[in-house]
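A closer look at the structure
Chain by chain, the residues run as shown.
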Amino acid sequence: MADGNSETKSSNQMWGGRFASGPDAIMEEINASIGFDKKLYAQDIRGSIAHATMLAHQGIISADDKDKIVHGLNTILSEIESGAFEFSRRLEDIHMNIEARLATLIGPAAGRLHTARSRNDQVALDFRLWVKEELQRTEKALTALIAAFLDRAEEHADTVMPGFTHLQTAQPVTFGHHCMAYVEMFGRDRSRVRHAIEHMDESPIGAAALAGTGFPIDRHMTAKALGFAGPTRNSIDTVSDRDFALEFLSMASITATHLSRLAEEIVIWSTPQFGFIRLSDAFSTGSSIMPQKKNPDAAELVRAKTGRINGSLIALLTVMKGLPLAYSKDMQEDKEQVFDSAESLELAIAAMTGMVRDMTIRSDRMKAAAGSGYSTATDLADWLVREAGLPFRDAHHVTGRAVALAEQKGCDLADLSLADLQSIHADITEKVFDVLTVEASVASRTSFGGTAPNEVRKQIAWWRARN
Ligand code: ARG
């Protein structure tokens, strides 16, 4: 038929070859989430079993129907896990894929499962359960990373290295102390993980579409069965809240930022110019053309993953910022951001843990660098205050002249003679040389949290008791 043909032709032109069957195909493609939310299958089934059990307990469905439902859901679980389950994009998402299969397996009883719930509270539940489990995995991964740093810190509590500000040599510190700075950072990340778990520990199921339900459900029962501290208190908030995902992404961004700073230090330290560490072969690569090279690829990739993790946080904040209460389909865009970040973060923490464990610390190189750049100048100034009674500002000035003299002679402060130093200030005695070495410098920094090896050992012990 001429008319029919021209219509087909015009719709093809309009929608393009890819969407040969017209607007329906485009709708299916934009609407479906099964491609990524199939990851939630185990949580979806667990939630449905808890819901059906509660419905039967409350007399809302029969015990017989509940048994059929639970049996059917367990069958589906093994079908999915064995790879036998056929996901259909036409059925949109994981919830409808599972429900449709349940109907095929057990018949009309399947239709009773969705009593007193909606996909809105169902997806909020599934996703929360998934994020909660991911947070628990992150907590373990961070604990392993902290343990790796504690071991290296203990091993190198006495290893002197330059401490930097502006990436300029500032004062000598120990490598153990530097490692413990990362323990503090990842320790804070881990407490953010724990807080996020606490914040999200409420069960959404039973909020239904947004208003709750007239069926006599028991939300405390489902909450308990699913391992939550209790049910959420406002059904409107429950189906429109994605704070748990945002908190996951915020925590992931901050953690990734810490990992990225560490990655940057590893990149710098492993250059031949610094030479503070040697990465193991396992976490570096060679160059296909330059045989001398050993590249810190794993560290560079950790540094780069931070970009996509930060991007996911901004993406979801942007999705959420204009949404009126309660549920809108926009919120379906929450999952890919979280899944992608979770995968990147897990990998980044694991790679960093391996690198920290395996890297060789070149103590000789660290020590040589620690003494250069007049890193004990502050020790000289402090000595003048303590032993010669100078005001700090004057001591700073005298020290500046000593540095200038050493610079002029092309030597370190500790290499100046007593006569040289006395020519700058008459009260300087032989004893000053006790503080001009890097070892003496770090040993003297005994303030709480300072770099003195004994102080660092105390901090290591504090963390060991908490890791
Ligand atoms: N696939 C949806 C999502 O991920 C499930 C909830 C759908 N709810 C709805 N009212 N259409 O958000």
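Residues numbered from 1 in each chain as written. Predicted model: local features only at pLDDT ≥ 70, side-chain atom pairs only at ≥ 80, totals over all residues. Heavy atoms only, no water.

Focus on the overall build of the chain
As a reminder, the rule being used: Elements are defined by DSSP. Helices are runs of H or I of four residues or more, strands are runs of E of two residues or more, and each kind is numbered from the N terminus. Residue contacts follow a heavy-atom distance rule, with two residues in contact if any of their heavy atoms lie within 4.5 Å. Per-residue and other accessible areas were derived by the Shrake-Rupley procedure at a 1.4 Å probe size, with only the shown protein chains allowed to occlude residues. Counted charges follow a simple rule, with Lys and Arg positive, Asp and Glu negative, and His plus the chain ends left uncounted. By convention, the charge on Lys lies at NZ, on Arg at CZ, on Asp at CG and on Glu at CD.
If you tally the helices and strands in the chain, you get 19 helices and six strands. Principal-axis analysis of the C-alpha atoms places the extent of the chain at approximately 105 × 60 × 40 Å. When contacts within the chain are restricted to residue pairs at least 6 apart in sequence, those whose partners lie at least 24 apart make up 74%. If you sum the accessible surface of the chain, you get close to 22,400 Å²; carbon and sulfur atoms cover 53% of it. In the chain, 50 side chains carry a positive charge and 62 a negative one; their mean positions are 1 Å apart.

Remarks on the UniProt feature "domain: Argininosuccinate lyase C-terminal" (unreviewed entry) in the chain
As a reminder, the rule being used: UniProt positions are given in the numbering used here, feature names are shortened, and annotations may be inferred rather than shown by experiment.
According to UniProt, the positions carrying the feature "domain: Argininosuccinate lyase C-terminal" (unreviewed entry) are residues 374-443. Taken end to end, residues 374-443 comprises 61% helix and 0% strand; its first and last C-alpha atoms sit 17 Å apart.

Things to note about the pattern of salt bridges
The following threshold applies: Think of a salt bridge as a Lys or Arg side-chain nitrogen and an Asp or Glu carboxyl oxygen that are within 4 Å of each other. To sort residues, take the accessible area from a 1.4 Å probe on protein chains only and compare it with the maximum for the residue type: under 20% means buried, over 50% means exposed, and anything in between is partly exposed.
Evaluated as defined, the whole model comprises 31 salt bridges. A salt bridge links Arg 119 to Asp 93, with the shortest nitrogen-to-oxygen separation between them at 2.6 Å. In this pair, Arg 119 is assigned in helix α7 (residues 119-155) and Asp 93 in the loop between α5 (63-82) and α6 (94-106), connecting sequence segments 26 residues apart. Of the residues examined, Arg 119 reaches a relative accessible area of 29% and is grouped as partly exposed. Residues Lys 367 and Glu 439 are paired through a salt bridge, measuring 2.7 Å at the closest nitrogen-oxygen approach.

Observations concerning helix α14 (residues 363-371)
Applied cut-off: The directions from the helix axis to the C-beta atoms form the arc being described.
Residues Met 366, Ala 369 and Ala 370 constitute the buried set of α14. Taken end-on, α14 shows its buried residues confined to a sector of 105°, consistent with a single buried face. Facing away from the buried side of α14 by more than 90 degrees, the exposed set consists of Asp 364 and Ala 368. Looking at the packing, one finds that the buried side of α14 touches β1 (160-165), β2 (168-174), α8 (175-199), β5 (277-278), β6 (360-361) and α18 (438-444). Two residues or fewer after α14 comes Gly 373, characterised by a positive phi angle close to 75°.

Examining the environment of Ala 25
Inspection of the secondary structure puts Ala 25 in helix α2 (residues 23-31). Overall, Ala 25 belongs to the buried group, its relative accessible area being 16%. The spatial distance from the C-alpha of Ala 25 to the C-alpha of Arg 90 is 9.5 Å, given a sequence separation of 65 residues.

Description of the side chain of Thr 376
Short version of the rule: Polar contacts, as used here, are pairs of N or O atoms within 3.5 Å; protein pairs need one atom able to donate a hydrogen and one able to accept it. Residues neighboring in sequence count only if both atoms are side-chain atoms.
Relative to the helices and strands, Thr 376 resides in the loop between α14 and α15 (377-388). Of note is the side chain of Thr 376, whose polar atom sits 3.2 Å from the backbone oxygen of Leu 436. If we ignore the near neighbours within four places in the chain, the residues touching Thr 376 are Pro 172, Leu 413, Val 435, Leu 436, Thr 437, Val 438 and Ser 441.

Concerning helix α12 (residues 297-320)
For clarity, the threshold we go by: Residue count minus one, scaled by 1.5 Å, sets the expected span of a helix.
Under the 1.5 Å per step criterion, the end-to-end length of α12 is 35 Å for 24 residues, consistent within 8% with the ideal 34 Å. All buried positions along α12 are accounted for by Ala 298, Ala 299, Val 302, Thr 306, Ile 309, Ser 312, Leu 313, Leu 316 and Met 320. Next to the buried residues of α12 lie α10 (235-240), α11 (243-269) and α13 (334-358).

Looking at the site of the ligand
Here is the rule: Any residue with a heavy atom lying within 4 Å of a molecule or strand is counted as near it.
In the vicinity of the ligand, the contacting residues are Ser 33, Asp 37, Asp 93, His 95, Arg 119, Asn 120, Val 123, Tyr 327, Gln 332 and Lys 335. Separating a nitrogen atom of the ligand from a side-chain N or O atom of Arg 119 is a distance of 3.5 Å. Among the elements that take part in the shell around the ligand, α7 stands out by supplying three residues, more than any other.

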